Amino acid sequence: MCKAGPNARRGDFRLLLCLVVLASAVPVPAATPIIDYRDRFHPVVGEAGMVVSQEALASAVGARILERGGNAVDAAVAVGFALAVTLPQAGNLGGGGFMLVHLAEGDRTVAIDYREVAPRAAHRDLFVGDDGEVDTQLARFSHRAAGVPGTVAGLTHALEHYGSLPLAEVLAPAIALAEEGIEVTRPLAFSLAHARPRLRRSAAAAGYYLRPDGSAPQEGDLLRQSDLARTLGRIAADGRAAFYEGGIAELIVTEMAAHDGLITAADLADYRVVEREPVWGSYRGYRVAAMPPPSSGGVHLVQMLNILEGWELAELGHNSAAYLHRLIEVMRRAYADRSRYLGDPDFVAVPAELTAKAYAARLRKTIDLRRATPSSAVAPGLEIPEESPQTTHFSVWDRQGNVVSNTYTLNFSYGSGIAVAGAGFLLNNEMDDFSAQPGAPNAYGLLGGEANAIAPRKRPLSSMTPAMLFKDGQPVLATGSPGGPVIITAVLQTLLNVVDFGMNVAEASAQPRIHHQWQPDEVYHESGVSPDTLQLLRGMGHHMVPSRRVLGRTQSIASDGARYYGANDTRWPGGAAVAPEPASP
Ligand code: GLY
């Protein structure tokens, strides 16, 4: 009834609405939707669960799995494989990622790490040339840029341990999409045209994603991916073994051997998924669960929330200068710590103190509320260029209360742009997420330290932040985003919009965002932040820079326990929140 969920925190009007309904003595159904018609953005409302992803066909695949009685993990795995077909820039078999799963039964939340690992032959100076400089071409656009892919192991692991349907059933929609072909949508045509110069350099990739004359497919073209369909079919038949030991492994090893790549049969056979304890935090009465290292996402999300909890943000006003100043200073300090302390926890000890309230209180005291702290005063820095971030996130919620928040990636859009001949999928360029030379920036301008140096069988540091929010022990929000380093700050602002400003999940997703990452000492902002506010922030000493790209693309679901509210970020056309049809009585 008049239940307070994250969608219902805009107190007064909703409360009034509830009181009016109650006072009218009309019997109120148990699940009366709580909608505020003053909102400018509205979530898709479902009664039997929700699937949100960056590509509509994939979301529909997930919703159909829920309708057939599959649980959230079944649907998420189906979406993960479907996106490998319908969103080739980020959906993948050749990459890796992180999945957060909340299981209603037993009230457990697990973090599944299927991040890529460095091949055994990798070493600290892999990308350092004879001139002592990092060879960015080698680190980003060669076969050596690929870490051992984790996606197939991760998705099959999740299904085996937490799903309920057979792998072949969950893979069937992706196989059909690849075999029968998908109509190229306008966003896909746009993305392929943008990537064409890179895709042309790999004969296999050009064959898979470009027209025979080398031009990019146009909107309305049919994109059939028969090699990918065969690969998916092999996985459906033989599970992860097909990819890591069988025919697909052979194709990967052949591709590597022919192009000076490092991944061997032993690297593939050795690949292991790791289940980890999520990073847990608390914020204004909510519990927060997010991805632990080797992602930096959870640690810094919790760290930033801890610092922000010391101020009454709602009183400052949403996106006011006073509010944004605090956000910027908190981001600056978190990203400075990221560069120093974060790395693969199987190789380095990440200080537990980073997520402690006491540490946050100490950092809060270093923040001058009237002016910017130069990043050079927080730690030494470099000037760094910005590059294109990619990755994709999806969230799934079933009516039993199981929730999945998954972010996976090839790193860049289309990864290295190199496809495995005969196998139909692209290789990641995740090795660039290591610090090729501690102190040298990666493609996102992120500075890494020794903790993230390359080593054999190590996982590169990530920013991916699949996250969940809990209230009174119940999940109320699942979210996450693509965007490299901006992932963490996009997720942070989405949570703040929900918790501090009482926005519904669609409103929370649509608000203009900012991003600061310590170095370079610039604050990127989207359009929609008031010019007066920008002026005030400049006056405080911040270097405000209009962002050349959107700052994240969240795919979120909120629930009040009775209904499911899906929000596909408006920052990329083509995504969708799809609610399964409730089963007929
Ligand atoms: N490759 C981007 C990330 O892992 O954060």
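Reading guide: rules and limits
- Residues numbered from 1 in each chain as written.
- Predicted model: local features only at pLDDT ≥ 70, side-chain atom pairs only at ≥ 80, totals over all residues.
- Heavy atoms only, no water.
- Helix = DSSP H or I, 4+ residues; strand = E, 2+ residues; numbered from the N terminus.
- Expected span 1.5 Å × (residues − 1).
- Buried < 20%, exposed > 50% of the residue type's maximum accessible area, 1.4 Å probe, protein only.
- Salt bridge = Lys/Arg side-chain N within 4 Å of Asp/Glu carboxyl O.
- Near = heavy atom within 4 Å.
- Polar contact = N/O pair within 3.5 Å; in protein donor to acceptor, adjacent residues only side chain to side chain.
- Areas by Shrake-Rupley, 256 points an atom, 1.4 Å probe, with all protein chains shown as cover.
- Nonpolar A, V, L, I, M, F, W, Y, C, P; charged D, E, K, R; others polar.
- Axes fitted to C-alpha atoms, helices over the stretch in contact; angles between N-to-C directions.
- Parallel < 35°, antiparallel > 145°, perpendicular 65-115°, else oblique.
- Left-handed = near helix turned anticlockwise from the far one by under 90°.
- Contact = heavy atoms within 4.5 Å.
- Phe/Tyr/Trp six-rings, centres within 6.5 Å; stacked < 30°, edge-to-face > 60°.
- Pairing = 2+ DSSP bridges.
- pLDDT = per-residue confidence, 0-100.
- Patch = residues over 30% accessible without salt bridge, like charges linked within 9 Å, V, L, I, M, F, W, Y side chains within 5 Å.
- Lys, Arg positive; Asp, Glu negative; His and termini not counted.
- Charge placed at Lys NZ, Arg CZ, Asp CG, Glu CD.
- Arc of directions from axis to C-beta.

Participant: Break down helix α18 (residues 486-499) for me, with residues and values.
Facilitator: Here α18 spans 20 Å end to end across 14 residues, near enough to the 20 Å set by a 1.5 Å rise per residue. Counted residue by residue, α18 has 14 buried out of 14 residues, so it is predominantly covered.

Participant: Let's hear about the pattern of salt bridges: which residues, and what values?
Facilitator: Tallying each qualifying case throughout the model produces 30 salt bridges. Here the residues in one salt-bridge network are Asp113, Arg276, Asp346 and Arg459, joined through shared partners.

Participant: Describe the site of the ligand, listing the residues and the values that go with them.
Facilitator: Looking at the ligand, the residues that line it are Arg115, Asn411, Glu430, Asp433, Tyr444, Ser462, Ser463 and Met464. With respect to the ligand, the side chain of arginine 115 contributes an N or O atom lying 3.0 Å from an oxygen atom. Within the side chain of aspartate 433, an N or O atom sits 2.6 Å from a nitrogen atom of the ligand. Protein chains shield 98% of the accessible area of the ligand, which is 190 Å² for the free molecule. A breakdown of the residues in the shell around the ligand according to their chemical character gives 2 nonpolar, 3 polar and 3 charged.

Participant: So, the packing of helix α3 (residues 72-86) against helix α9 (residues 226-238): which residues are in play, and what are the values?
Facilitator: Close contact between α3 and α9 brings their axes to 11 Å; oriented N to C, the two are set at 165°. The orientation of α3 with respect to α9, classified from their angle, is roughly antiparallel. Both α3 and α9 take part in a crossing whose hand is right-handed. Across from Phe81, Ala84 and Val85 in α3, the residues of α9 making contact are Leu228, Leu232 and Ile235. Residues of the contact of α3 with α9, tallied by class, amount to 6 nonpolar, no polar and no charged.

Participant: Summarise the packing of aromatic side chains; cite the residues concerned and give the values.
Facilitator: Think of a pair of aromatic rings as described by two things: how far the centres are apart, and how the planes are tilted against each other in angle. In the structure shown here, the tally under the stated rule is 11 aromatic pairs. With a centroid separation of 6.3 Å and 75° between ring planes, the pair formed by tyrosine 208 and tyrosine 209 is classed as edge-to-face. Each member of the pair, tyrosine 208 together with tyrosine 209, is buried. With centroids separated by 6.3 Å and ring planes inclined at 65°, the aromatic side chains of tyrosine 209 and tyrosine 414 adopt a geometry described as edge-to-face. Residue tyrosine 209 is located in helix α8 (residues 203-209), and its partner tyrosine 414 is located in the loop between β11 (403-409) and β12 (467-471); the two are separated by 205 residues in the primary sequence.

Participant: Any details on the sheet that holds strand β3 (residues 96-103)? Residues and values, ideally.
Facilitator: Strand order in this open sheet of 7 strands is β7-β4-β3-β11-β10-β2-β19, and the pairing throughout is antiparallel. Among the strands making up the open sheet, the edge pair consists of β7 (274-276) and β19 (576-578). Going across the sheet, the axis of each strand differs from the next one's by a mean of 15°, ignoring polarity. Sheet topology note: the strand β2 (residues 49-53)/β19 ladder contains 3 bridges and is antiparallel. Following the sheet pairing, valine 52 is matched in β19 by alanine 577. Most of the contacts of helix α2 (residues 56-67) go to β2, to which it runs at about 160°, and overall it touches β2, β10 (392-398) and β19. Relative to strand β4 (residues 108-114), helix α5 (residues 151-162) is tilted by about 155°, and along the sheet it contacts β3, β4, β7 and β11.

Participant: Provide a residue-level description of the confidence of the model for the protein chain, including the pertinent values.
Facilitator: Per-residue confidence for the protein chain averages 91 on the pLDDT scale, and 91% of its residues sit at or above 70. Across residues 1-33 the pLDDT falls below 50, and counting only partners more than four positions away or on other chains, this stretch makes 53 contacts in the model. Predicted confidence for residues 380-388 stays below pLDDT 50, and this span has 28 contacts to residues more than four positions away or in other chains.

Participant: If you had to explain a negative patch on the surface to someone new, which residues and values would you point to?
Facilitator: On the surface, a cluster of negative charge is made up of Asp130, Asp131, Glu133 and Asp135. Positionally, aspartate 135 belongs in the loop between β4 and α4 (136-141). Overall, the relative accessible area of 33% leaves aspartate 135 in the partly exposed class.

Participant: Go over the sheet that holds strand β18 (residues 564-568), please, and point to the residues and values.
Facilitator: In sheet architecture, strand pairing relies on hydrogen bonds along the backbone and comes in two forms, parallel and antiparallel. Strands sit in the order β1-β18-β17-β13-β12-β9-β8 across an open sheet of 7 strands; the sheet is antiparallel. The open sheet has two free edges, formed respectively by β1 (44-46) and β8 (279-283), since each of these has just one partner strand. For this sheet, the mean angle separating the axes of adjacent strands, direction not counted, is 25°. Sheet topology places β1 next to β18; 3 bridges connect them, and they run antiparallel. Of the residues in β18, the one forming a bridge with glycine 46 is tyrosine 564. Contacting β8, β9 (286-290), β12, β13 (474-479) and β17 (555-559), α18 runs over the sheet at an angle of about 135° to β13.

Participant: Would you mind going over the pairing of β12 in detail, with residue names and values included?
Facilitator: Counting buried positions along β12 gives 4 out of 5 residues, so the element sits mostly inside the fold. Note that β9 and β12 share 5 bridges and pair antiparallel. Residue pairing in the sheet places alanine 290 in a bridge with alanine 467 of β12. Bridge count between β12 and β13: 5 bridges; the pairing is antiparallel. The residue of β13 that forms the bridge with phenylalanine 470 is proline 475. Linking two consecutive strands that pair antiparallel, namely β12 and β13, is a turn of 2 residues; a positive phi of about 50° is found at aspartate 472 within it.

Participant: Can you explain the side chain of glutamine 555? Please cite residues and give values.
Facilitator: On the secondary structure map, glutamine 555 appears in strand β17. Look past the residues within four positions of glutamine 555 in its chain and what remains in contact with it is Val52, Ser53, Gln54, His393, Phe394, Ser395, Ala478, Thr479, Gly480, Ala567, Asn568 and Asp569.

Participant: An account of helix α16 (residues 357-365) is needed here, citing residue identities and associated values.
Facilitator: Every α-helix carries 3.6 residues per turn, so stepping three or four residues along brings you back to the same face. The set of residues buried in α16 consists of Tyr359, Ala360 and Leu363. Each buried residue of α16 sits inside an arc of 100° when the element is viewed along its axis, so together they form one side. Those residues of α16 that are exposed and angled more than 90 degrees off the buried face are Ala358 and Lys365. In this fold, the buried residues of α16 make contact with α13 (297-308) and α15 (321-341).

Participant: Outline the packing of α13 against α18, listing residues and values.
Facilitator: Packed helices, taken two at a time, are described by the angle their axes make and the gap between the axes. Contact geometry for α13 and α18: axes closest at 10 Å, N-to-C directions at 45°. As summarised for this structure, α13 and α18 are arranged oblique, according to the angle between their axes. Judged by the twist between their axes, the crossing of α13 over α18 is right-handed. Residues Gly297, His300, Leu301, Met304, Leu305 and Leu308 of α13 touch α18, and the partners they reach there are Ile488, Thr489, Val491, Leu492, Leu495 and Leu496.

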